[in-house]
Amino acid sequence: MKRLLMIVLGLLMASGAFGQKRWTLSVEESLGIGFGGMEPRVVSTTEFVATRSLGSLFSVGAGIGLRVADAVTDYIVENGGMPTKEYMLEFSAPLFVRLGLQGNNWFVRADGGYAPGLLSRSFPFSKGGVSYPCYTGFFVEPHAGCFLGKHSVIGVGVLFQQCRVTYRTTKQEGCLVMTDVKSKKEFPATLTFRYAYRF
């Protein structure tokens, strides 16, 4: 999958046809807030995207970016009490393809691809060290919005990013402490607010 996405992005970038009216290059920024499930507290993504119009209604594209997320890594329940969550600041590099419908002033799109994890560490940084990224893997982000003049674009979407969460359940009976640890894959939802500048 990663190789396919890289080939598609390479073909789009190497075409040399960006001077034509059908091609658009954009820099896009999104800020997300998690809700439901094993949501991250916040996600910020910067993307560089090449998009080609196919007639007046359809568009295809590809992009690459940098994502920073304060993601859930551990879900902890002790003696049947209220669960607590532990978060890690994680960095990944999303690589994706884009399919879209658009009118004169509006668009509906879906980005889908893979975000390999680059780095994960505790925050504040003074508290701990580096660990293996958990908020990494396949993702899909449908979004919609409108064009504001020639260059600016705003939108809203929902990011579903694969992650791995460790569930830790601890029970204590007298001097005996029992801990059950399980790792599960999740696809938590994050509401995203987007801004793009088109060249």
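Residues numbered from 1 in each chain as written. Predicted model: local features only at pLDDT ≥ 70, side-chain atom pairs only at ≥ 80, totals over all residues. Heavy atoms only, no water.

Chemist: Outline the environment of Y167, supporting the account with residue identities and numerical values.
Modeler: In this structure, Y167 sits in strand β11 (residues 163-173). Of the residues examined, Y167 reaches a relative accessible area of 18% and is grouped as buried. Sequence separation between Y167 and S183 is 16 residues, and the spatial gap between their C-alpha atoms is 6.1 Å. Among the polar contacts made by the side chain of Y167, one reaches the side chain of E186 at a distance of 2.4 Å. (Helix = DSSP H or I, 4+ residues; strand = E, 2+ residues; numbered from the N terminus. Buried < 20%, exposed > 50% of the residue type's maximum accessible area, 1.4 Å probe, protein only. Polar contact = N/O pair within 3.5 Å; in protein donor to acceptor, adjacent residues only side chain to side chain.)

Chemist: I'd like to hear about the confidence of the model for the protein, residue by residue, with values.
Modeler: On average, residues of the protein score 88 in pLDDT, and 86% of them are at 70 or above. Considering only residues more than four positions removed or in separate chains, one finds that residues 14-20, a stretch of pLDDT under 50, has eight contacts. (pLDDT = per-residue confidence, 0-100. Contact = heavy atoms within 4.5 Å.)

Chemist: Let's hear about the pairing of strand β13 (residues 189-198): which residues, and what values?
Modeler: Of the strand pairs in this sheet, strand β1 (residues 23-35) and β13 are connected by ten bridges, and their pairing is antiparallel. Across the sheet, G34 pairs through a bridge with T190, a residue of β13. Where strand β10 (residues 152-161) lies against β13, nine bridges are found, and the strand directions are antiparallel. When the bridges of β13 are listed, V156 appears paired with F193. (Pairing = 2+ DSSP bridges.)

Chemist: Tell me what's going on with the state of the cysteines, and back it up with residues and numbers.
Modeler: Applying the stated criterion to the full structure yields zero disulfides. Free of any disulfide, C163 has its nearest neighbouring cysteine sulfur in C134, separated by 8.0 Å. (Disulfide = S-S within 2.5 Å.)

Chemist: How would you explain the pattern of salt bridges if you had to name every residue and give the values?
Modeler: Summed over the entire model, instances satisfying the criterion amount to nine salt bridges. In this structure, D70 and R41 form a salt bridge, with 2.8 Å as the shortest nitrogen-oxygen distance. Placement of D70 in strand β3 (residues 58-78) and of R41 in the loop between β1 and β2 (42-54) is noted, with a sequence separation of 29 residues between them. Here D70 falls in the buried class, since its relative accessible area comes to 11%. Where R194 meets E141, a salt bridge forms, and the shortest distance between an N and an O atom there is 3.0 Å. Of this pair, R194 sits in strand β13 while E141 sits in strand β9 (residues 137-148); the two residues are 53 residues apart in sequence, bridging distant segments of the chain. For R194, a relative accessible area of 8% corresponds to the buried category. Counted as one network, the salt bridges with shared partners bring together E28, E47, R98, D111, E141 and R194. (Salt bridge = Lys/Arg side-chain N within 4 Å of Asp/Glu carboxyl O.)

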